[in-house]
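What follows is each chain in one-letter form.
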Amino acid sequence: MKRIAHYILIIAITLSTLGIVTMTSCSGFLNERSNDLAYIHTADDLDELLIGSCYLSVAPTTPRKYESYYFSYLQYMADETEELIGNTRYNPEANIRPRIFGYYTWQQHVGDAFDGLKSYKESIDWLRVYNHILTLNIVLDEAERIDTPTVADQNRIKRIKAEAHFLRAAYYFQLVNLYALPYAPENLDKPGVPLKESHFIEKKKFTRATISEVYALISNDLSLAIKEIEGQPTRSLYRISEAGVILFASRVALYMQDWQRAEEYASKALSLHPTLCNLNALGVDSYFFSVDNPELIFSMGGGLVCAEMGSSSPIGGFSVSKELYQLYNKDDLRGTRFIERIKVKGAQPNGYQLRACKTTPKLMGKSEVSDVFVLRSAEIYLNLAEALAMQGKSAEAVRFLKQLHQNRYKVGVALPDIDTSPKGLINEIRKERRMELCFESQRWFDIRRYRVQSQSPEKIELTHTYTIYKKEGRNSFPNITYFYTLPANEDEGYVLPLPREERTFNDIIQDNPRIERKPTKIIQHETK
């Protein structure tokens, strides 16, 4: 019991030393965690702590509190969305757009609103994820102290350790891909994120480990998780499984450009979970992201983007980008099962909105499947195809792409031709990833890693708009639209600045340079 109380103090001190909680929130954290940690005597106790405090939680879609969602800005920083501009009788600011202006337009201060008069907290995700990491450190330490008199007890602890190692790897992976340059030989000695692995007190302000050091921890944790979870039965969609750990390891290997290891991991994951959902068999009233989908492997965190686009007053919010929508040809069922074209009064230019619809926007409780962190078998096929193509194994790569196509295109139609030249095949795979994994929080990270791939680098320019509305009577009309551009040759815009609150507390931590981005174009609308 004294040891548990000691750990509670450690968490509070460590968090404050990291600068990720304020002094007023420390007492709340103590109260919240003390009830959890004071009664850890068995594997069951540890398992409850793991479930309740270590996995990403799911926020209700109604009422919508944006600060309750993890990484709510991530879907909007790339090229999957665009503004839905138009005339409306509703408040065009009553959505996520004003809150994410700084993220959406790649600003130096991501928490600032457009007018600069209001700021939103930048440290919410930083704080929550480090809370999870620090609790995982204690779970792993406590797992070594739990008595395991039976084989069943030993297996239970082994699984708990596997889940904890996986989750810690996943969280550091998320952090380093938000707050550091992408993995590449030339970036390995550049700043990553702070690492906290120990469960004991370290009275210091933390600095950033290198990108190499962060990925070393991620790789080691995944290696341990793979060994510990081997042969363990799958428990549910919401607890990581053996197939999920190995699939995620293949994703990490792709980011590290370790093509052989990515192939090995993806091949193993495919042997464990090869099933794809044939869209031809998906019922008219069914949604792709449902617990009944056989290709889903793991999900944690909530779903926001479909609920947000499915608002009854969507003007002033977001739509699927036309560029993404136009990638699907008429025989590709993803063009109607992942995206729907909905008539919206007042929407410009044609009265329609393109809505993301992998899950139902009308779900009033909690999303069944996350758009923040989800693992499914289609990614296995895509990871395999990419790893094989990068090793010059074109015929094998094409085979996996065709297997995916067979489950995505209408029955009886000719499947699309695949460019099998080395550069053409890589472009085909990247296009498939963009279409298949849309609105699953992967596109921004993919764009980043493509920039530094040694074999086939790709740098693209991104442009987003931000519209200010004018109210006339009961209606609001678009007044001015500002265009913001992230140039293809600018590396800094693809890395988030460290949270302002963290930098205020920790005066020795190195920030990421970013410019104060100005509009590249301004359009004045004609108002009635």
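Residues numbered from 1 in each chain as written. Predicted model: local features only at pLDDT ≥ 70, side-chain atom pairs only at ≥ 80, totals over all residues. Heavy atoms only, no water.

Enquirer: What should I look at first to understand the confidence of the model for the protein chain in this one?
Expert: Predicted coordinates in areas of low pLDDT are best not read in detail. Looking at the protein chain as a whole, its pLDDT mean stands at 90, while 90% of the residues score no less than 70. Throughout residues 1-17 the model reports pLDDT below 50, and contacts reaching past four residues in sequence, or to other chains, amount to 41 contacts. Across residues 19-36, where pLDDT falls below 50, the model places 25 contacts with residues more than four positions away in sequence or in other chains. (pLDDT = per-residue confidence, 0-100. Contact = heavy atoms within 4.5 Å.)

Enquirer: Would you explain the nonpolar core in this entry?
Expert: The nonpolar side chains of soluble globular proteins are, as a tendency, buried together. Formed by 146 residues in total, the largest nonpolar core has its most connected members in Y73, F166, Y172, Y215, I218 and W444. Among the elements that take part in this core, helix 6 (residues 151-179) stands out by supplying 15 residues, more than any other. With residues near it in sequence (within four places) discarded, Y73 still touches I100, Y103, D125, L178, Y179 and L496. Formed by six residues, the second largest nonpolar core is a distinct cluster that contains I85, I315, V344 and Y469. (Core = buried A, V, L, I, M, F, W, Y, C linked by side-chain atoms within 4.5 Å. Buried < 20%, exposed > 50% of the residue type's maximum accessible area, 1.4 Å probe, protein only. Helix = DSSP H or I, 4+ residues; strand = E, 2+ residues; numbered from the N terminus.)

Enquirer: What is the right way to look at the environment of T42 in this model?
Expert: As for its placement among the helices and strands, T42 is situated in the loop between helix 2 (23-37) and helix 3 (43-53). Overall, the relative accessible area of 36% leaves T42 in the partly exposed class. Linking T42 and R145, residues 103 residues apart in sequence, is a C-alpha distance of 9.5 Å. A distance of 3.3 Å separates a polar atom in the side chain of T42 from the backbone nitrogen of D44. (Polar contact = N/O pair within 3.5 Å; in protein donor to acceptor, adjacent residues only side chain to side chain.)

Enquirer: Before we go on, may I ask you to explain the sheet that holds strand 9 (residues 521-524) in this structure?
Expert: Across the sheet, three strands lie side by side as 7-8-9; this open sheet has antiparallel pairing. Two strands in the sheet have a free side with no partner beyond their single neighbour: strand 7 (462-472) and strand 9. On average, each strand axis in the sheet is inclined to that of its neighbour by 15°, with strand direction left out of account. Pairing of strand 7 with strand 8 (residues 475-486) involves 11 bridges; the strand directions are antiparallel. (Pairing = 2+ DSSP bridges. Axes fitted to C-alpha atoms, helices over the stretch in contact; angles between N-to-C directions.)

Enquirer: What exactly am I supposed to notice about the packing of aromatic side chains here?
Expert: For any pair of aromatic rings, geometry is given as the distance between the ring centres together with the angle between the planes. Per the counting criterion, the structure on display carries 27 aromatic pairs. Ring plane angle 5° and centroid distance 4.0 Å describe the contact between Y73 and Y103, whose orientation is recorded as stacked. Residue Y73 is found in the loop between helix 3 and strand 1 (81-83), and its partner Y103 is found in helix 4 (residues 101-104); the two are separated by 30 residues along the sequence. By relative accessible area, which is 4% here, Y73 ends up buried. Judged by relative accessible area, Y103 falls into the buried class, the value being 7%. Here the aromatic rings of F101 and Y484 are separated by 5.7 Å at their centres, their planes lie at 80°, and the arrangement is edge-to-face. Within this pair, whereas F101 is found in helix 4, its partner Y484 is found in strand 8, the two being separated by 383 residues in sequence. Looking at Y484, the relative accessible area reads 3%, which means it is buried. (Phe/Tyr/Trp six-rings, centres within 6.5 Å; stacked < 30°, edge-to-face > 60°.)

Enquirer: I keep staring at a positive patch on the surface and nothing clicks. Help me out?
Expert: A contiguous patch of positive charge, built from R89, K345, K471 and R474, is present on the exposed surface. For K345, the position within the fold is in the loop between strand 4 (339-343) and strand 5 (352-356). (Patch = residues over 30% accessible without salt bridge, like charges linked within 9 Å, V, L, I, M, F, W, Y side chains within 5 Å. Areas by Shrake-Rupley, 256 points an atom, 1.4 Å probe, with all protein chains shown as cover. Salt bridge = Lys/Arg side-chain N within 4 Å of Asp/Glu carboxyl O. Lys, Arg positive; Asp, Glu negative; His and termini not counted. Charge placed at Lys NZ, Arg CZ, Asp CG, Glu CD.)

Enquirer: Explain the pattern of salt bridges to me, please; I cannot follow it from the model alone.
Expert: One side chain can pair with another of opposite charge once the charged atoms of both are near each other. This structure, assessed with the given rule, holds 43 salt bridges. Among the salt bridges present, the one from E83 reaches R97, with a minimum N-O distance of 2.8 Å. Linking E83 in strand 1 with R97 in the loop between strand 1 and helix 4, this pair joins segments that are 14 residues apart in sequence. An identical accessibility class is assigned to E83 and R97; each is buried. Notably, a salt bridge pairs E472 with K470, separated by 4.0 Å at the nearest N-O pair. A relative accessible area of 37% means that K470 is categorised as partly exposed. Taken together, the shared-partner salt bridges connect E295, D332, R334, K358, R376, R408, E432, E436 and E440 into one network.

Enquirer: I'm lost on the packing of helix 7 (residues 211-229) against helix 8 (residues 242-255) in this one. Help?
Expert: Each packed pair of helices is defined by two parameters, the angle between the axes and the distance between the axes. Close contact between helix 7 and helix 8 brings their axes to 10 Å; oriented N to C, the two are set at 155°. Looking at the two axes, helix 7 sits roughly antiparallel to helix 8. Handedness of the helix 7/helix 8 crossing: left-handed. Of the residues in helix 8, those touching helix 7 at Y215, I218, L222, A225, I226 and I229 are E242, V245, I246, F248, A249, V252 and Y255. Looking at side-chain class alone, the contact of helix 7 with helix 8 contains 12 nonpolar, no polar and one charged residues. (Parallel < 35°, antiparallel > 145°, perpendicular 65-115°, else oblique. Left-handed = near helix turned anticlockwise from the far one by under 90°. Nonpolar A, V, L, I, M, F, W, Y, C, P; charged D, E, K, R; others polar.)

Enquirer: Would you mind going over helix 14 (residues 394-406) with me for this structure?
Expert: An α-helical segment advances 3.6 residues per turn. Residues three or four places apart therefore align on the same side. Counted at 1.5 Å a residue, the expected span for helix 14 with its 13 residues is 18 Å, and the 18 Å between its end C-alpha atoms agrees. Of all the positions in helix 14, only A397, V398, F400, L401, L404 and H405 are classed as buried. The buried side chains of helix 14 occupy one side of the element, clustering within an arc of 160° when seen end-on. In this fold, the buried residues of helix 14 make contact with helix 9 (259-272), helix 12 (334-337), helix 13 (377-390) and helix 15 (422-436). (Expected span 1.5 Å × (residues − 1). Arc of directions from axis to C-beta.)

Enquirer: Before we go on, may I ask you to explain empty space enclosed by the protein in this structure?
Expert: Using a probe with the size of a water molecule, rolled over the atoms, empty space left in the structure can be pinpointed. By the definition in use, this model includes 11 cavities of 30 Å³ or more. In this model, the largest cavity occupies a volume close to 200 Å³. Lining the largest cavity are 18 residues, with S72, Y73, Y103, K121 and I124 sitting closest to its centre. The element best represented in the lining of the largest cavity is helix 5 (residues 124-143), accounting for three residues. Here the residues of the lining of the largest cavity sort into 10 nonpolar, two polar and six charged. Reported here for the second largest cavity is a volume of approximately 80 Å³. Lining the second largest cavity we find F173, Q174, F248, R251, Y255, V372, F373, V374, E440, S441, Q442 and F445. (1 Å grid on protein atoms, 1.4 Å probe; cavity = no way out; pocket = protein on both sides within 12 Å on 5 of 7 lines; lining within 4 Å. Points joined across faces, edges and corners; volume = space filled by probe spheres on them.)

Enquirer: Even after reading the chapter, I still don't get unusual backbone geometry, so can you show me in this structure?
Expert: As a rule of thumb, non-glycine residues mostly have phi less than zero, and peptide bonds are mostly trans rather than cis. Here the amide bond leading from Q348 into P349 is cis, since omega sits at 5°, within 30 degrees of zero. Following the sequence through the fold, P349 ends up in the loop between strand 4 and strand 5. We note that F439 has phi near 55°; this positive angle belongs to a residue other than glycine. Following the sequence through the fold, F439 ends up in the loop between helix 15 and helix 16 (443-451). One non-glycine residue, S441, lies in the positive phi region at around 65°.

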